[in-house]
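Structural overview
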Amino acid sequence: MSSSKIKLIALDLDGTLLSPEGQVHPIEQDTLQQVRRAGVSVAIATGRSIQDTLPYAQAAGGVDWIITENGARIQSADGQTIYQRTMPQETLTLLLRLCEKYAVEPCFYGDDIIWYGRQCRRFHDNVMAITGHPLPLQLEHFRYVDSWAQWYALTRENVYKAIVYGDAADLDTWLTALAETGQFAAEPSVFCGMKNIEINQRGTDKGAALLQLAAQLQLTHEQVMACGDSDNDRTMLQAAGLGIAMANAPAHIRALADAVTDTNDQHGVAQAVRKYVLGDG
């Protein structure tokens, strides 16, 4: 058994658990399975969909919990949903009206499907042109939407998260208008030099989901450790009793963390778990 007070570890994927090549290295897999055998639960906490997260959970050798869509859903290892928070129809309608007005376009994350449009397709094409390979996505779960009428019809579906794509200047103007509504949690992101904005209902974030999971497990926040590198990890690092930033995180994320571990290409997650949970550091 682990002698540490930490009983739950939450790990972001991109830039944290995953290497720069998008892999779970054997050292991380071995460390996570060692800590699980010691009685500590491991959760992945990501902005990705459940379909895109499951392969990484398997590559890690298995985890106990999966938090997806930036905290909108929590699932157990056997696929049971223990928490979910969808965006109300009127909230989605407001989001779409703003998108239509400012010439940007969303991508919606549903139960077992992701709806996307022209701007998202253009974004992925540009990524492939820059990197030389497509994003590693489960494309069978994607459905193309080609009109605003179809987007508005989707407001009746379960939607956990949106990503908004467009030209950077349009996104900046749109984000200002979105903030004025006070109804959304928005995190700008840059990938391959291109900007997009992740959207959840206000109050939905990784930190809130992590505390929800801790309560479900009858743990205090002092018994929770979280590792992350990005703006959408900020609430999780602050909610955990021990928030660990990756060395590859931007300065403002490192500044709010309780400690900083090594980079994701130098096995920072394995180092943090061994030091703070297994006592090997």
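The structure contained in this document is the topic of the report that follows. (Residues numbered from 1 in each chain as written. Predicted model: local features only at pLDDT ≥ 70, side-chain atom pairs only at ≥ 80, totals over all residues. Heavy atoms only, no water.)

1. Points about the pattern of salt bridges
Under the counting rule described, the total for this entry stands at 10 salt bridges. R73 is the partner of E69 in a salt bridge, and the nearest nitrogen-oxygen pair spans 2.8 Å. As far as burial versus exposure is concerned, E69 and R73 are alike and both buried. K161 is the partner of E198 in a salt bridge, and the nearest nitrogen-oxygen pair spans 3.2 Å. Separated by 37 residues along the polypeptide, E198 in strand 11 (residues 194-201) and K161 in strand 9 (residues 161-165) bring together distant segments of the chain. Residue K161 is classed as buried on the basis of its relative accessible area, which comes to 2%. (Salt bridge = Lys/Arg side-chain N within 4 Å of Asp/Glu carboxyl O. Buried < 20%, exposed > 50% of the residue type's maximum accessible area, 1.4 Å probe, protein only. Helix = DSSP H or I, 4+ residues; strand = E, 2+ residues; numbered from the N terminus.)

2. What to know about the side chain of N264
Mapped onto the elements, N264 comes out in the loop between strand 14 (259-260) and helix 11 (268-276). Once residues lying within four places of it in the same chain are set aside, the contact partners of N264 are G15, T16, L18, S19, P20, M246 and N248. (Contact = heavy atoms within 4.5 Å.)

3. Focus on the packing of aromatic side chains
The geometry of two aromatic rings is summed up by the distance between their centres and the angle between their planes. A complete count under the given rule lists four aromatic pairs for this structure. Aromatic side chains Y116 and F142 sit 5.7 Å apart centroid to centroid with 65 degrees between the ring planes, which places their arrangement in the edge-to-face category. With Y116 in strand 7 (residues 114-116) and F142 in strand 8 (residues 142-144), the pair connects residues that are 26 residues apart, well separated along the chain. Across the pair, F142 and Y116 agree in class, each one buried. Taking 5.3 Å as the distance between ring centres and 65 degrees as the angle between the ring planes, the aromatic pair formed by Y116 and Y144 counts as edge-to-face. Here Y116 is found in strand 7, whereas its partner Y144 is found in strand 8, with 28 residues between them in sequence. Owing to a relative accessible area of 16%, Y116 belongs among the buried residues under this scheme. Members of the aromatic cluster, each reached through a chain of ring pairs, are Y116, F142 and Y144. The ring of Y160 carries R73 above its face, with NZ or CZ at 4.1 Å from the centroid. (Phe/Tyr/Trp six-rings, centres within 6.5 Å; stacked < 30°, edge-to-face > 60°. Lys NZ or Arg CZ within 6 Å of the ring centre and 35° of its normal.)

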